[in-house]
Amino acid sequence: TADFTGSTTPSASSVDPAEGIKVFERSLSVGTNELSLKSVRVRNIGSIDAVDVNNWQLYVGGVKRGSAVTSEDSLGYVTFDLSAAPVELKTGTHQVKVMADVIGGSGRTVQVGLRNSADFIAVDSDYGQPVKATVGAATFSAMDAGIQTMNSGSLTFTKATDSHSGNITETASGVSLGKWNVKAFGEKMKVETLRFAFVESDGQAVGARNGAVYLNG
């Protein structure tokens, strides 16, 4: 048996557009025989545009399963095809979770769920027969997470992996002092001012001139 228990999360809330947002999670109880999970299909019924949500990922039991899906289809469905390497589900409870990157859509909504029993395909590992999922030990019914409303856009700065570190030769010119990756989430962002500063660490006066900022090299 495959029975979805508890409640679907996340609950309705306002969230900042970002990478790795949890858009669906539900507990799955496997009883009697082990199962082979071959496919999971979720649907986004929110108002956000498909182009603003990508890198969909499925986790079962805290482990990423199958390949990431770039984006939802024209009907809002995201299908994780596990048939080439089915996930073996032992008897007990497993967490089924879907994550996605939300890169746009300020003011729009994301609401993801398992809508039909056919969206969860598993077979009995011993007998090879399909097992129809249930919800709360009853007939399958749609399981939707709460509505996630995207907040206004945000801008993040992270230090690049190839940013300079270590000492700099005194009196050198054209020296790269640091590199950062800048990402805009939620909507297009306009940067009008960037202010940089450095702090010397040995108590001696430090001077720099002819500073310049480069974008994409």
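Our structure is the block above this text.
In this report, the structure presented in the accompanying data block is examined. Keep in mind the model is a prediction, meaning the values are calculated, not measured. (Residues numbered from 1 in each chain as written. Predicted model: local features only at pLDDT ≥ 70, side-chain atom pairs only at ≥ 80, totals over all residues. Heavy atoms only, no water.)

To continue, consider the overall build of the protein. Within the protein one finds 0 helices and 18 strands. Oriented by its inertia axes, the alpha-carbon framework of the protein measures out at about 75 × 35 × 30 Å. Per element, the accessible surface of the protein, about 13,200 Å² overall, is 48% carbon and sulfur. On the protein, the mean spot of the 19 positive side-chain charges and the mean spot of the 22 negative ones are 2 Å from each other. (Helix = DSSP H or I, 4+ residues; strand = E, 2+ residues; numbered from the N terminus. Areas by Shrake-Rupley, 256 points an atom, 1.4 Å probe, with all protein chains shown as cover. Lys, Arg positive; Asp, Glu negative; His and termini not counted. Charge placed at Lys NZ, Arg CZ, Asp CG, Glu CD.)

Relative to the elements of secondary structure, S117 occurs in the loop between β11 (112–114) and β12 (120–124). Given a relative accessible area of 24%, S117 falls into the partly exposed group. For S117, the contacting residues outside a window of four places in its chain are K132 and F140. (Buried < 20%, exposed > 50% of the residue type's maximum accessible area, 1.4 Å probe, protein only. Contact = heavy atoms within 4.5 Å.)

A word on the nonpolar core. With 38 residues, the main nonpolar core has F4, L37, W56 and F120 as its most contacted residues. Top element by residues in this core is strand β3 (residues 21–30). It accounts for 5 residues. With near-sequence residues (within four places) excluded, F120 lies in contact with A2, F4, L28, L37, S39, V40 and A133. (Core = buried A, V, L, I, M, F, W, Y, C linked by side-chain atoms within 4.5 Å.)

A sheet is described by the order of its strands in space; here 6 strands give the open sequence β6-β5-β9-β3-β1-β14, paired in mixed fashion. If you trace the sheet from one side to the other, it starts and ends with β6 (63–69) and β14 (134–135), each paired once. Looking at chain direction, strand β1 (residues 2–9) and β14 are connected through 2 bridges and run parallel. Residue pairing in the sheet places D3 in a bridge with T134 of β14. (Pairing = 2+ DSSP bridges.)

Along the chain, S27 falls in strand β3. Taking the relative accessible area as the measure of exposure, S27 reaches 19% and is therefore buried. At a separation of 2.5 Å, a polar atom in the side chain of S27 contacts the side chain of Q95. (Polar contact = N/O pair within 3.5 Å; in protein donor to acceptor, adjacent residues only side chain to side chain.)

All told, the structure shown has 1 aromatic pair when counted by the stated rule. Consider the rings of F4 and F120, whose centres lie 5.2 Å apart with planes at 80 degrees: the pair is edge-to-face. Of this pair, F4 sits in strand β1 while F120 is found in strand β12, placing the two residues 116 residues apart along the sequence. For F120, a relative accessible area of 2% translates into the label buried. Sitting above the plane of the Y77 ring, R41 keeps its charged end 4.1 Å from the centroid. (Phe/Tyr/Trp six-rings, centres within 6.5 Å; stacked < 30°, edge-to-face > 60°. Lys NZ or Arg CZ within 6 Å of the ring centre and 35° of its normal.)

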